[in-house]
Amino acid sequence: MSKCEQCIVREFSSLKALNKDELIQLSDCKTSYTIKKGETIFEEGENVNGIYCIKDGICKLTKLSPNGKDQIIKLVKKGELLGQRSMISEEPVNLSAVALEDMQVCFIPKSDIMGYFDKNNQFSMNVMRTICSDLKDSDDHMVSLAQKTVKERLAETLLYLEETFGKSSDGSLNVQLSREELSGMIGTATESCIRLLSDFKKLGLIELNGKKIVLKDSSKLKRISE
């Protein structure tokens, strides 16, 4: 089991503000897990009572809509933390987290991390900034859903996926989503998403190979997204 002070992913989250002694303490109280692709880390309405640090892998944060379809709110990657907001608000989590690929995560109990809020101002500020940033992203996403067409949202999402996760060696997006998951991100029916992907392919904007998507003309996709 790797120690927090030696773990590079801590540099990408609020934990970067903790000093060596604090990180050593953290190592003693964390639990490390392997989460298999498709497994749930936590479910909407659950009391998590701590935070998860993503050491490796990607998960989706989803909200169940009234029609029973999962709306993907955000994708979370290596180096990010899960559960910060509900830990502070002392409320159950309002989203579910599901692994999109095999993941390595560490769980830090609330009782062990809350003490750092009193002792380490920079840590408190980092957590608050992260929550504010998530809130801003949520606002932007809501405006996009309300004001953009499905076509514009698909173009915007494909660009976001490339920018956030990069490309694989074959040039395809470095995150594999099913057509249903992609439609869950843009807030439309799976059939509409498949139809639009086909349209984008005919226009030479993307290439499709099974689940893999290659962006061929990012500048045109950007123009569509705006």
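Quantities reported herein were computed from a predicted structural model and do not represent experimental measurements. (Residues numbered from 1 in each chain as written. Predicted model: local features only at pLDDT ≥ 70, side-chain atom pairs only at ≥ 80, totals over all residues. Heavy atoms only, no water.)

A. Main features of the overall build of the protein. Along the protein, the regular secondary structure elements total 9 helices and 10 strands. Computed over its C-alpha atoms, the radius of gyration of the protein comes to 19 Å, within 12% of the 17 Å expected for a compact globule of 226 residues. Looking at the protein as a whole, 45% of its 226 residues are labelled buried. Sequence separation of 24 or more characterises 69% of the internal contacts of the protein that already satisfy a separation of 6 or more. Taking the 33 positively charged and 34 negatively charged side chains of the protein as two groups, their mean positions are separated by 5 Å. (Helix = DSSP H or I, 4+ residues; strand = E, 2+ residues; numbered from the N terminus. Rg over C-alpha atoms; globule rule 2.2 N^0.38 Å. Buried < 20%, exposed > 50% of the residue type's maximum accessible area, 1.4 Å probe, protein only. Contact = heavy atoms within 4.5 Å. Lys, Arg positive; Asp, Glu negative; His and termini not counted. Charge placed at Lys NZ, Arg CZ, Asp CG, Glu CD.)

B. Spotlight on the sheet that holds strand 3 (residues 50–56). Taken together, the 4 strands give an open sheet; going across it, the order is 1-8-3-6, and neighbouring strands pair in antiparallel fashion. Every interior strand has two partners, whereas the edge strands, strand 1 (31–35) and strand 6 (81–82), have only one. Across 2 bridges, the pairing between strand 3 and strand 6 is antiparallel. Bridged to Tyr 52 within strand 6 is Leu 82. (Pairing = 2+ DSSP bridges.)

C. Main features of the domain arrangement of the protein. Domain annotation of the protein identifies domain 1 (4–139) and domain 2 (147–225). The C-alpha centroid of domain 2 is placed 27 Å from the C-alpha centroid of domain 1. Opposite the 10 residues of domain 1 that make contact, domain 2 presents 16 residues. Taken together, domain 1 and domain 2 are joined by 1 salt bridge. Its salt-bridge partner being Glu 181, residue Lys 60 comes within 3.1 Å of it at the nearest N-O pair. The leading source of residues in the side of domain 1 that touches domain 2 is strand 5 (residues 70–76), at 4 residues. Of the residues in the side of domain 1 that touches domain 2, the class split is 4 nonpolar, 1 polar and 5 charged. (Domains from an automatic or database assignment. Salt bridge = Lys/Arg side-chain N within 4 Å of Asp/Glu carboxyl O. Nonpolar A, V, L, I, M, F, W, Y, C, P; charged D, E, K, R; others polar.)

D. Quick look at the packing of helix 7 (residues 179–186) against helix 8 (residues 190–202). Look at helix 7 against helix 8: their axes get within 8 Å of each other, and the N-to-C directions meet at 100°. Taken together, the axes of helix 7 and helix 8 lie roughly perpendicular to each other. For the pair formed by helix 7 and helix 8, the contact residues are Arg 179, Glu 180, Leu 182, Ser 183 and Ile 186 on the first element and Thr 190, Cys 193, Ile 194 and Leu 197 on the second. Residue composition of the contact of helix 7 with helix 8, grouped by class: 5 nonpolar, 2 polar and 2 charged. (Axes fitted to C-alpha atoms, helices over the stretch in contact; angles between N-to-C directions. Parallel < 35°, antiparallel > 145°, perpendicular 65-115°, else oblique.)

E. Spotlight on the UniProt feature "domain: HTH crp-type" (unreviewed entry) in the protein. Under the local residue numbering, the UniProt record ascribes the feature "domain: HTH crp-type" (unreviewed entry) to residues 148–219. Summarising residues 148–219: 54% helix, 11% strand, and an end-to-end C-alpha distance of 18 Å. (UniProt positions renumbered as here; feature names shortened; annotations may be inferred.)

F. Representation of the environment of Val 76. Positionally, Val 76 belongs in strand 5. When the C-alpha positions of Val 76 and Cys 106 are compared, they lie 14 Å apart, and in sequence the two are 30 residues distant.

G. Representation of the sheet that holds strand 2 (residues 40–42) within the structure. Across the sheet, 4 strands lie side by side as 2-7-4-5; this open sheet has antiparallel pairing. Looking at which strands have only one partner, the edges of the open sheet turn out to be strand 2 and strand 5. In this sheet, adjacent strand axes meet at a mean angle of 30° when their direction is disregarded. Alignment of strand 4 (residues 59–64) against strand 5, held across 6 bridges, turns out to be antiparallel. Residue pairing in the sheet places Leu 61 in a bridge with Lys 74 of strand 5. Lying on the sheet, helix 7 is in contact with strand 4 and strand 5; it crosses strand 5 at an angle near 90°.

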